[in-house]
Amino acid sequence: MHDTRRTLLPRVAAILRAKQYVVFFAIALYALDYAAPLVSGWLRHDGSLADVLSRLGSPFVDAVAGRSWAITALALGVAAATAFFRTGYIRSIVGRFHPGPRDARQFRRLLGLQLAIEAIVAVSVVLGDRLPAEPAGLDLTSTLAALAGTFLVVAVSLVIAYADYAIVISDLSLRAGVVRSWRVFRLNPLVTILAFLAVTLLGGLVTAIGSGRMTGWMSGLPQALPGMVVEVVLFGLVLFVADVVLIVVYLETMETGRLKEDRSGG
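Being a predicted model, the structure only gives us computed values, none of them experimental.

A.B. asks: An account of the overall build of the chain is needed here, citing residue identities and associated values.
C.D. replies: In terms of regular secondary structure, the chain is built from 12 helices and zero strands. When the helices and strands of the chain are read in sequence order from the N terminus, they spell out α-α-α-α-α-α-α-α-α-α-α-α. A burial count over the chain gives 41% of its 266 residues as buried. A separation of at least 24 residues holds for 67% of the contacts in the chain among residues at least 6 apart in sequence.

Have a look at this one:
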């Protein structure tokens with residue numbers, strides 16, 4: 001039995017010190033993810049910033065609901081850009097700085113994963129939209145649909161928590177990357193769940209801080225921009241630390257031979 005707890009934190013700290021500049025990469029990636037639904041919501045609803053924020057969803061949902069080729073192009077473009085730059089981001093954490101993927105095959109694999117994630121998010125948004133805004137209007141079907149959407153996102157997120165790392169670091173196919181991710185999660189369920197809980201809790205705190213700084217967001221973008229910038233920067237930092245932790249868990253699982261022992265034992 002291998003105990004990685006003694007080396008996990010020192011190795012995470014060492015990578016954070018050596019790769020601290022990569023945090024700007026993480027912030028830029030989150031800024032892209034943050035801006036996409038704002039733009040797609042504005043294109044779909046064509047209202048004020050307050051209207052867009054109150055009906056924030058998924059670019060792919062906006063594309064289908066709005067029957068708009070422009071939003072579809074936006075959604076696909078953002079997915080492709082996210083796949084391209086996230087590949088470079090992961091490579092930059094484990095090695096020298098790279099802006100993008102090693103080759104077209106690696107890009108296609110991560111794009112496939114990104115599109116699958118977007119589809120799951122879209123389903124969760126659709127199910128969540130079935131929940132009435134007023135508590136008095138709650139019904140069992142809507143509540144179950146919303147809970148199903150949340151459970152779907154959480155379950156799939158844990159299963160594929162290491163999939164992009166496996167695709168980029170171990171040069172696996174999309175299917176093999178997902179299988180590898182599930183096996184790594186099975187060997188490290190506690191630290192994976194704790195990382196996701198930390199991101200969720202800190203993300204909620206960051207969102208509250210950012211919202212608190214949107215003192216005049218009802219008036220428009222200029223007043224809301226400082227709060228948005230604060231949220232993007234802080235949450236980008238949170239995601240960077242979480243990525244480093246999960247990458248170290250993945251690397252140590254591979255290096256210690258636990259994955260091979262898991263296969264032989266089951």
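A.B. asks: Which residues make up the side chain of arginine 180, and what values do they have?
C.D. replies: With respect to the helices and strands, the residue arginine 180 is situated in helix 9 (residues 174-187). Take arginine 180: its relative accessible area is 16%, and that puts it in the buried class. Those residues in contact with arginine 180, other than ones at most four positions away along the chain, are Ala166, Ser170, Leu172, Tyr250, Met254 and Leu259.

A.B. asks: Give a detailed account of the packing of aromatic side chains, specifying residues and quantitative values.
C.D. replies: For the coordinates displayed, the defined rule picks out eight aromatic pairs. Aromatic side chains tyrosine 30 and tyrosine 34 sit 6.0 Å apart centroid to centroid with 55° between the ring planes, which places their arrangement in the tilted category. Note that tyrosine 30 and tyrosine 34 are positioned in helix 2 (residues 23-45) at a spacing of four residues, about one turn of the helix. With respect to class, tyrosine 30 is no different from tyrosine 34; both count as buried. Seen from their ring centres, phenylalanine 84 and phenylalanine 107 are 6.3 Å apart, and the 65° between their planes marks the pair as edge-to-face. Residue phenylalanine 84 is found in helix 5 (residues 69-94), and its partner phenylalanine 107 is found in helix 6 (residues 104-129); the two are separated by 23 residues along the sequence. Overall, the relative accessible area of 33% leaves phenylalanine 84 in the partly exposed class. An aromatic cluster of three or more residues is present, and its members are Phe25, Tyr89 and Phe97.

A.B. asks: Outline the environment of isoleucine 169, listing residues and values.
C.D. replies: When you line up the elements, isoleucine 169 lands in helix 8 (residues 163-169). For the pair isoleucine 169 and leucine 251, spaced 82 residues apart in the sequence, the C-alpha separation amounts to 8.8 Å.

A.B. asks: Residue-level account of the packing of helix 2 against helix 5, with values.
C.D. replies: Where helix 2 meets helix 5, the closest approach of the two axes is 10 Å, and the angle between their N-to-C directions is 175°. One way to sum up the angle between helix 2 and helix 5 is to call them roughly antiparallel. Packed against helix 2, whose contacting residues are Phe25, Ala26, Leu29, Leu32, Ala36, Val39, Ser40, Leu43 and Arg44, the element helix 5 presents Ile71, Leu74, Val78, Ala81, Thr82, Phe85, Arg86, Gly88, Tyr89 and Ser92 at the interface. Considered class by class, the residues forming the contact of helix 2 with helix 5 number 13 nonpolar, four polar and two charged.

A.B. asks: Which residues make up the nonpolar core, and what are the values?
C.D. replies: By size, the foremost hydrophobic cluster in this structure holds 52 residues, and its most contacted members are Tyr89, Ile93, Tyr162, Tyr165, Phe240, Val244 and Tyr250. Of all the secondary-structure elements, those providing two or more residues to this core are helix 1 (5-18), helix 2, helix 5, helix 6, helix 8, helix 9, helix 10 (189-212) and helix 11 (221-255). Sort the elements by how many residues they give to this core and helix 11 lands first, with 15 residues. Excluding its chain neighbours within four sequence positions, the residues that come into contact with valine 244 are Val12, Ile15, Leu16 and Ile93.

A.B. asks: For helix 2, give the residues involved together with the corresponding values.
C.D. replies: Taking 1.5 Å per residue as the helical rise, helix 2 with its 23 residues ought to reach 33 Å, and the 33 Å between its terminal C-alpha atoms agrees with that figure. At the C-terminal side of helix 2, aspartate 46 shows a positive phi close to 50°.

A.B. asks: Which residues make up the pattern of salt bridges, and what are the values?
C.D. replies: Counted according to the given criterion, the structure contains nine salt bridges. For arginine 11, the salt bridge is made with glutamate 252, and the minimal N-O distance between the two is 3.5 Å. Placement of the pair is arginine 11 in helix 1 and glutamate 252 in helix 11, with a sequence separation of 241 residues. For arginine 11, a relative accessible area of 24% gives the class partly exposed. Here glutamate 252 falls in the buried class, since its relative accessible area comes to 6%.

A.B. asks: Go over a nonpolar patch on the surface with me, naming the residues and quoting the values.
C.D. replies: A surface patch of nonpolar side chains, about 380 Å² in accessible area, is lined by Leu190, Ile193, Leu194 and Leu197. With respect to the helices, strands and loops of the structure, leucine 190 is situated in helix 10.

A.B. asks: Break down the packing of helix 4 (residues 59-66) against helix 5 for me, with residues and values.
C.D. replies: Put simply, helix 4 and helix 5 touch, their axes get as near as 8 Å, and they point 160° apart. The angle between helix 4 and helix 5 falls in the class roughly antiparallel. When the axes of helix 4 and helix 5 are compared, the crossing they make is left-handed. Counting all contacts with helix 4, which are made through Pro59, Phe60, Asp62 and Ala63, the residues of helix 5 involved are Ile71, Thr72, Ala75, Leu76 and Ala79. When its residues are assigned to classes, the contact of helix 4 with helix 5 shows seven nonpolar, one polar and one charged.

Scoring rules and cut-offs
- Residues numbered from 1 in each chain as written.
- Predicted model: local features only at pLDDT ≥ 70, side-chain atom pairs only at ≥ 80, totals over all residues.
- Heavy atoms only, no water.
- Helix = DSSP H or I, 4+ residues; strand = E, 2+ residues; numbered from the N terminus.
- Buried < 20%, exposed > 50% of the residue type's maximum accessible area, 1.4 Å probe, protein only.
- Contact = heavy atoms within 4.5 Å.
- Phe/Tyr/Trp six-rings, centres within 6.5 Å; stacked < 30°, edge-to-face > 60°.
- Axes fitted to C-alpha atoms, helices over the stretch in contact; angles between N-to-C directions.
- Parallel < 35°, antiparallel > 145°, perpendicular 65-115°, else oblique.
- Nonpolar A, V, L, I, M, F, W, Y, C, P; charged D, E, K, R; others polar.
- Core = buried A, V, L, I, M, F, W, Y, C linked by side-chain atoms within 4.5 Å.
- Expected span 1.5 Å × (residues − 1).
- Salt bridge = Lys/Arg side-chain N within 4 Å of Asp/Glu carboxyl O.
- Patch = residues over 30% accessible without salt bridge, like charges linked within 9 Å, V, L, I, M, F, W, Y side chains within 5 Å.
- Areas by Shrake-Rupley, 256 points an atom, 1.4 Å probe, with all protein chains shown as cover.
- Left-handed = near helix turned anticlockwise from the far one by under 90°.

Take it as geometry only, folks, not as evidence of what the structure does.
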